[in-house]
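# Descriptive analysis of the structure
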Amino acid sequence: MNWLILSKMLGYLSLILGGSMTLSLPWAFAGVSQTSRFETRGFVGLTISILICVVLGLVLLWIGRRNKGNVLHKEALAIVGLGWFLAGGLGGLPFLLSGVERSPGVLMNPVDAFFESVSGFTTTGASVITDLENPQTLPRCVLFWRCFTHWLGGMGIVVLFVAILSNLGSSGKAIMQREVTGPINEAVRPRIRETASALWKIYTTLTIVLTLLFVIEGMSVYEALCHSFGTMATGGFSTNNRSAGGFDSVVIEMTMVLFMVLAGCNFSLFYMIYRRKRQAKAQAWYQRLLPLWNDIEFRTYLMIIVAATLLLVVNLYWTGIYTNPLEGLRHSLFMVVTIMTTTGFGTADFNQWSEFAKGLLLLLMFIGGCAGSTAGGLKVIRFVLFFKIMRLEVERSYLPNIVRTLRLGSQPVDNSLRHDVIVYFSLILFLFISGWMTLAAIEPDTQWLGRDGHHSAEKLLDCASAIAATLNNIGPGLGVLGPASTFAGFSIQGKLLLTIMMLLGRLELFAILVLFFPSFWED
C-alpha cells in the first residue's frame, strides 16, 4: 500500500469537505428573520468544523508531499473506502459542535452524529433527529448542511474529487471505477476528468432547474434548495417533520416524482444524449433521446414503476385505504417512485397500508434504481441479468448440449460479468441475513415489550426492515421505522452496525469489505 499517496488524496478530500461546509454559513444570517436571532451555535460549530477539515487536510498533504507514484487498484479501493469514512466523520462535526439535539433535551453523541452524516453522504436519509422544525434544537445552517451532504454524496464526493483535480490522469479512472455504482460502467471513458466534469454539470443543471420549479410552486428558496438536494441525490432529508407531505401539494409531489425518476436513471445515458446533441445538431429531439429507449435497463425500470403503481392503486382501493382512485394513484405513484429510487420522501404512512402493499414496497427497496444513478438498491440491470442467467441455466438442465450466449439487447455479456452478478446477489443475501440476525441479537428487547410484558414478535420484522432500509440506502422502513419514525430508539452498537450497512450499500460492498482484510494493507 502506498501510504503517501493515500495521505495526499485524503488530504485533498478533507479540504473539499471543508470548502463545502462554507456554503452553509450564510444560512446562520438568513435564519434571523425566522428565529429573531443570529444562529451563534450553528455558525460557531460550522466554523470550527471547517477549520478542523482544513488543518487535517493540510497535515495529510504535508505527509504525502514526497509521493511520486500513481494510484493503483489497491490505492483506489482504499481512497474510496477510507474517503467515505473520513467524510462521515468530518461531516458529523457540525452536529456535535453546534449542540444539535437528537430529541428535546437530548444532545447528539458522536455515534449519532456519525450516523446522521453517513446517512446524508450515502443518500440513505435515515435519521436520529425527531424535530427538524425547531431552530432552537437544530439551527437552520446545520440543517442546510445536513441536506447538502445528500447532494455531495449523490453523484459521489469522490467523483467530484476526480472532476476537480486535473493531475490524476489514469489514476482518476481507477478511482471512478470503484465509486460509480452498477455492474456496467458506461460513464468511465478514456478522458476520465472530462467525463466526471460532464456528469457533475448534468447533475448541477438538473438541481438548479428543480430548485427554480420548487420556488415557482411556492417553496421558499431555503426549502427549494434543501428538497432539490434530497430529490436529485435520491436521499430524502427534508426540512419538515412530515417530509414531502408537509407541503400537501399535488404539483410539488408530481415534480418530485419526475425528478426522482430522472435521478434513478443511469447518468451516463444523459451524457450520451448530451454528446449526441453536440455531434448531430440536425437530428430531431426524439432521435437524440434514442439512447434512453434503446437501453434495456431504462425500459425495465419504467415498466416496474408502472406495474407496481397499478398494483398498489388496485390493492389500496380494494382494501378501502383510499376510496378515491385518484387519491390512491397520487400516493401510490409517489411511494413507488420514492422507494424504488431509494429516495425515502414520504406523503403517507404506508405502515397503515395492507400487508401486500408493504411487501411490495419491501421488494422495491431491494430492486432500486439504475446502474450509474444516484439511487441505491441492487440495481435494475442486475435483476435483468440475473433472470437471464436463471433462464439459461434452466434451459441447460433439459438441453445440456445447447450453447447460448448471454446477451443484453444485441450485445454479448462477458462471463466475468455473469460471475460478478451471482457473487453480488450472494453477498447481499449473506449480509442481509447476518446483519438482520446480528441486529436482533445486540438490540435490547425492552423497546419491543408488549402491554402484557412479553416480547413482541415484531422485533424480527423491525430489525429486518432496518437492515433492508440501510443496506439499500432508502431510509424509512416498516414497523417502528415507518415514514413518521426515526432511528433514535436503536442502541449505540445498533447504530454503528446500521452505519456500516449504509456504507456497504452505497459503495456496493467491495470498497468497504476489503478494508477489513489484513492482507489488503500489505505492500
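Residues numbered from 1 in each chain as written. Predicted model: local features only at pLDDT ≥ 70, side-chain atom pairs only at ≥ 80, totals over all residues. Heavy atoms only, no water.

Bringing the packing of aromatic side chains into the picture now. Within this structure, the stated rule accounts for 26 aromatic pairs. Ring plane angle 75° and centroid distance 5.0 Å describe the contact between tryptophan 151 and tryptophan 200, whose orientation is recorded as edge-to-face. Residue tryptophan 151 is found in helix H8 (residues 140-155), and its partner tryptophan 200 is found in helix H11 (residues 192-216); the two are separated by 49 residues along the sequence. Residue tryptophan 151 shares its accessibility class with tryptophan 200, and that shared class is buried. The residue whose ring lies beneath arginine 65 is tryptophan 62, and the NZ or CZ to ring-centre distance is 4.2 Å. The aromatic ring of phenylalanine 237 is capped on one face by arginine 146, whose charged end is 3.7 Å from the ring centroid. (Phe/Tyr/Trp six-rings, centres within 6.5 Å; stacked < 30°, edge-to-face > 60°. Helix = DSSP H or I, 4+ residues; strand = E, 2+ residues; numbered from the N terminus. Buried < 20%, exposed > 50% of the residue type's maximum accessible area, 1.4 Å probe, protein only. Lys NZ or Arg CZ within 6 Å of the ring centre and 35° of its normal.)

This next bit is on empty space enclosed by the protein. Under the criterion given, the structure shown has 2 cavities of 30 Å³ or more. Roughly 50 Å³ of volume is contained in the second largest cavity. Tallied by class, residues from the lining of the second largest cavity come to 4 nonpolar, no polar and 3 charged. (1 Å grid on protein atoms, 1.4 Å probe; cavity = no way out; pocket = protein on both sides within 12 Å on 5 of 7 lines; lining within 4 Å. Points joined across faces, edges and corners; volume = space filled by probe spheres on them. Nonpolar A, V, L, I, M, F, W, Y, C, P; charged D, E, K, R; others polar.)

Packing of helix H7 (residues 110-121) against H8 brings their axes to within 6 Å, and their N-to-C directions diverge by 45°. Between H7 and H8, the interaxial angle falls into the category oblique. Contacts from Glu116, Ser119, Gly120 and Phe121 in H7 reach Trp145, Arg146, Thr149, His150, Leu152, Gly153 and Gly154 in H8. Taken together, the residues that form the contact of H7 with H8 break down as 3 nonpolar, 6 polar and 2 charged. (Axes fitted to C-alpha atoms, helices over the stretch in contact; angles between N-to-C directions. Parallel < 35°, antiparallel > 145°, perpendicular 65-115°, else oblique. Contact = heavy atoms within 4.5 Å.)

A few words now on the nonpolar core. Met256, Phe267, Tyr301, Trp353 and Phe487 are the most contacted members of the largest nonpolar core, which totals 152 residues. With 10 residues, H8 is the largest single contributor of residues to this core. Leaving out residues up to four positions away in the same chain, phenylalanine 267 has contacts with Met155, Leu199, Ile202, Tyr203, Leu206, Met232, Leu262, Gly372, Ser373 and Thr374. (Core = buried A, V, L, I, M, F, W, Y, C linked by side-chain atoms within 4.5 Å.)

The next subject is a nonpolar patch on the surface. Together, Leu4, Val55, Val59, Trp62 and Ile63 line one region of the surface with nonpolar side chains, adding up to about 470 Å² of accessible area. Among the elements that line the nonpolar patch, the one with the most residues is helix H4 (residues 40-63), at 4 residues. Here isoleucine 63 is to be found in helix H4. (Patch = residues over 30% accessible without salt bridge, like charges linked within 9 Å, V, L, I, M, F, W, Y side chains within 5 Å. Areas by Shrake-Rupley, 256 points an atom, 1.4 Å probe, with all protein chains shown as cover. Salt bridge = Lys/Arg side-chain N within 4 Å of Asp/Glu carboxyl O.)

Fair warning: the whole summary comes from geometry, so function is off the table for now.
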